[in-house]
Amino acid sequence: MFFKKKVKQISKRSIFWSLIVINLAFFTEIGQLHASDIKDLNHVNKSGNTAQNLIIIGLQFGDESKGSITDVLSKQANAVVRYNGGNNAGHTIVIDGKSYKLSVIPSGILQKDVTCFLGTGMVLSLDNFMNEIEKLKNNSIEVSPINLKIANNIPLVLPLHIETEALAEKTQKLNTTKKGIGPAYEDKVGRRAIRVGDLLNLDDPQNLKSLEEKIDKLIAYHNALRKGYDVKELLNKNEIINYLKQHAPNITPYIADVPREIQKMQQEGKKLLIEGAQSCFLDVNFGTYPYVTSSATFATAAAYAMGVRLKNEQVLGVIKAYTTRVGNGPFPTLLQDEIGKKIGEIGKEFGAVTGRKRDCGWLDLVAVKEMVNLNQVDYLALAKGDVLDDFDIIKVCIAYEIDGKIVDKMPYEPGQWTKIKPIYKEFKGWKNTKSITSFDDLDSNYIEYIKFIEEFTGIPVVIISTGPGREEKIMRTNPFMTN
Ligand code: IMP
């Protein structure tokens, strides 16, 4: 009974959204978008307002170029916020030919007068965080507690988490980034994590005592695990305390009341750019579980993971013109042939964090559309079409076939994943789109491809990235600030 009612509700809701999308497609002629129609695109914004808060998420399996899109938009933001993951993420941003690799510090740090926040939904490696700050400073980028603020309740990723993960991976075989992210989140929900705020005021004996008690509980748990894995070397409490004491004076100045500061900025009408790490298919709840990361990557997770209620938010979903995946898990459009190899080589598809080779395949619009709908995405950004500049035929997956039946979403059951046969639509290849900065100058075959993405998803492609550089972007409309 309850179940039936739920199904009714869900189908009513999906009919509602389908109608909205069809109407939007009809009234705004999404398929016909043109550079000169930029103003008309504003009608697509459901609230009728421009975004005060823009959430940027990846709609595929990660590495969609979110960092470079965030970088371009962040110059109009007052703040850039990260809300999930840790140094398993990696962005490479190219400015004036110089490339910056960032993993936890938001790319907004490269802009003047932008405050960067690390929110509660993240996990933080002290070594990585301090290294990143040092590298930025060595490149004359200004980093201080004035433009970089971290929440006090972010759990720490400790060296022990990397070791625990290596042990778990022997049997779990998820092919993680090996940064200790999963075990750090496990300790968070297991209520034994050491958090950034635990390093505050350690010269107060009560604080030090409380930290020591926490470490006792943490190592009791991890040593039991180690014994189970037959590891001879157990964790040493003093080593951990010394490690934390050594980092404390460097890290604690960055601690701030992040939710309150963000709320205040919202009240003042400031613009927030909120940067999701990893991607929708790696979300711990809605992704291809268990081949996912350990955090909530969805746009809907952002507010809670920052500790605020967002008002007037818009969602920009970033996709690549093809698909990549690193690590294990389903990949319906995977190309295990020369074409896949060629895409990987031209697109330099190697992980920014681990250097791992990413698998490549055609654009999977079934997967993209599923995440567009779940996240109620308002705008799309499309990256790396230029990587396909030298292909005669380009394919796009528009449906899955499983056991002779057409399916329009990723099946829940891992047992079905290997049975998926992608159904493709073919497009004529395009040329010379690299570094183009005007939509009208793009090869008409690429324009046709972009229009198809808009028609299929019902969402306008407002930003087209034609290269890694800050200037290699076509902004058909600025989803963040159009006034
Ligand atoms: P973890 O996040 O290190 O636990 O890894 C879990 C899965 O997510 C693995 O398949 C990783 O390859 C994948 N993953 C985590 N972070 C990223 C990312 O930033 N880009 C792409 N894949 C990622």
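A quick note: this is a predicted structure, and the numbers were derived from the prediction, not measured.

Participant: Just give me the short version of the overall build of the protein chain, but keep the residues and values in it.
Facilitator: Looking only at helices and strands, the protein chain has 13 helices and 19 strands in total. By residue count, 55% of the 483 residues in the protein chain fall in the buried class. A sequence separation of at least 24 residues applies to 76% of the contacts in the protein chain between residues at least 6 apart. Of the roughly 22,400 Å² of accessible surface on the protein chain, 52% is carried by carbon and sulfur atoms.

Participant: Could you give an account of the confidence of the model for the protein chain, with specific residues and numbers?
Facilitator: On average, residues of the protein chain score 89 in pLDDT, and 89% of them are at 70 or above. Low pLDDT, under 50, characterises residues 1-48; the stretch is placed with 50 contacts to residues that sit more than four places away or in other chains.

Participant: Describe the pattern of salt bridges, naming the residues involved and giving the relevant values.
Facilitator: Taken as a whole and assessed by the stated rule, the structure comprises 19 salt bridges. Put simply, Asp71 and Arg470 hold a salt bridge, and the shortest N to O gap is 2.8 Å. Of this pair, Asp71 sits in helix 2 (residues 66-74) while Arg470 is found in the loop between strand 18 (461-465) and strand 19 (473-475), placing the two residues 399 residues apart along the sequence. Its relative accessible area of 25% is what places Arg470 among the partly exposed residues. Ionic pairing is found between Arg476 and Glu454, a salt bridge with its closest N-O pair at 3.0 Å. Remark: Glu454 occurs in helix 13 (residues 444-457) and Arg476 occurs in the segment after strand 19; sequence separation between them is 22 residues. Note on Glu454: relative accessible area 0%, which makes it buried. When salt bridges that share partners are traced, they join Asp63, Lys320, Glu349, Arg358 and Lys384 into one network.

Participant: So, the site of the ligand: which residues are in play, and what are the values?
Facilitator: Close contacts around the ligand come from 16 residues, with Asn88, Thr177, Thr293, Val326 and Arg356 the closest. Contacts to the ligand include Asp63, whose side-chain N or O atom sits 3.1 Å from a nitrogen atom. Protein contact buries 96% of the 460 Å² of open area that the ligand shows by itself. Split by residue class, the shell around the ligand holds six nonpolar, eight polar and two charged.

Participant: Any chance you could break down the environment of Ala168 for me, citing the residues and the numbers?
Facilitator: Secondary-structure assignment places Ala168 in helix 4 (residues 159-172). As for Ala168 and Leu225, which are separated by 57 residues in sequence, their C-alpha atoms are 9.6 Å apart.

Participant: Tell me what's going on with the pairing of strand 10 (residues 272-275), and back it up with residues and numbers.
Facilitator: Residues Leu272 and Ile274 point to one face of strand 10 and Leu273 and Glu275 to the other, with burial holding for every one of them. Here strand 1 (residues 53-58) pairs with strand 10 via four bridges, running parallel. Within strand 10, the residue paired with Ile55 across the bridge is Ile274. Note: strand 2 (residues 79-82) against strand 10, four bridges, orientation parallel. Bridge pairing in strand 10 links Val81 to Ile274.

Participant: Break down the sheet that holds strand 18 for me, citing the residues and quoting the values.
Facilitator: What the ten strands build is an open sheet, ordered 9-7-5-2-10-1-11-14-18-19; its pairing is mixed. What marks the edges here is a single partner per strand, and that holds for strand 9 (255-256) and strand 19. Summarising the sheet, strand 5 (residues 115-118) and strand 7 (residues 148-151) pair through three bridges and their orientation is parallel. When the sheet's bridge partners are listed, Phe117 is paired in strand 7 with Lys149. Here helix 2 sits on the sheet and contacts strand 1, strand 2, strand 10, strand 11 (313-320), strand 14 (379-383), strand 18 and strand 19; the angle it forms with strand 1, its principal contact strand, is near 165°.

Participant: I'd like a description of the nonpolar core, backed by residues and values.
Facilitator: By size, the foremost hydrophobic cluster in this structure holds 113 residues, and its most contacted members are Leu59, Phe129, Ile150, Leu244 and Tyr449. Per-element accounting of this core gives the leading share, seven residues, to helix 13. Setting aside residues no more than four positions away along its own chain, Leu244 makes contact with Leu126, Leu156, Leu158, Ile194, Leu199, Leu211 and Ile215. Judged by nonpolar contacts, the second largest core, of 15 residues, contains Ile69, Ala77, Tyr379 and Ile463.

Participant: For the environment of Asp198, give the residues involved together with the corresponding values.
Facilitator: You can see Asp198 is positioned in the loop between helix 5 (181-189) and helix 6 (205-228). By relative accessible area, which is 17% here, Asp198 ends up buried. A C-alpha to C-alpha distance of 10.0 Å links Asp198 and Glu212, two positions 14 residues apart in sequence. From its side chain, Asp198 meets the backbone nitrogen of Arg195 in a polar contact 2.7 Å long.

Criteria and cut-off values
- Residues numbered from 1 in each chain as written.
- Predicted model: local features only at pLDDT ≥ 70, side-chain atom pairs only at ≥ 80, totals over all residues.
- Heavy atoms only, no water.
- Helix = DSSP H or I, 4+ residues; strand = E, 2+ residues; numbered from the N terminus.
- Buried < 20%, exposed > 50% of the residue type's maximum accessible area, 1.4 Å probe, protein only.
- Contact = heavy atoms within 4.5 Å.
- Areas by Shrake-Rupley, 256 points an atom, 1.4 Å probe, with all protein chains shown as cover.
- pLDDT = per-residue confidence, 0-100.
- Salt bridge = Lys/Arg side-chain N within 4 Å of Asp/Glu carboxyl O.
- Near = heavy atom within 4 Å.
- Polar contact = N/O pair within 3.5 Å; in protein donor to acceptor, adjacent residues only side chain to side chain.
- Nonpolar A, V, L, I, M, F, W, Y, C, P; charged D, E, K, R; others polar.
- Pairing = 2+ DSSP bridges.
- Axes fitted to C-alpha atoms, helices over the stretch in contact; angles between N-to-C directions.
- Core = buried A, V, L, I, M, F, W, Y, C linked by side-chain atoms within 4.5 Å.

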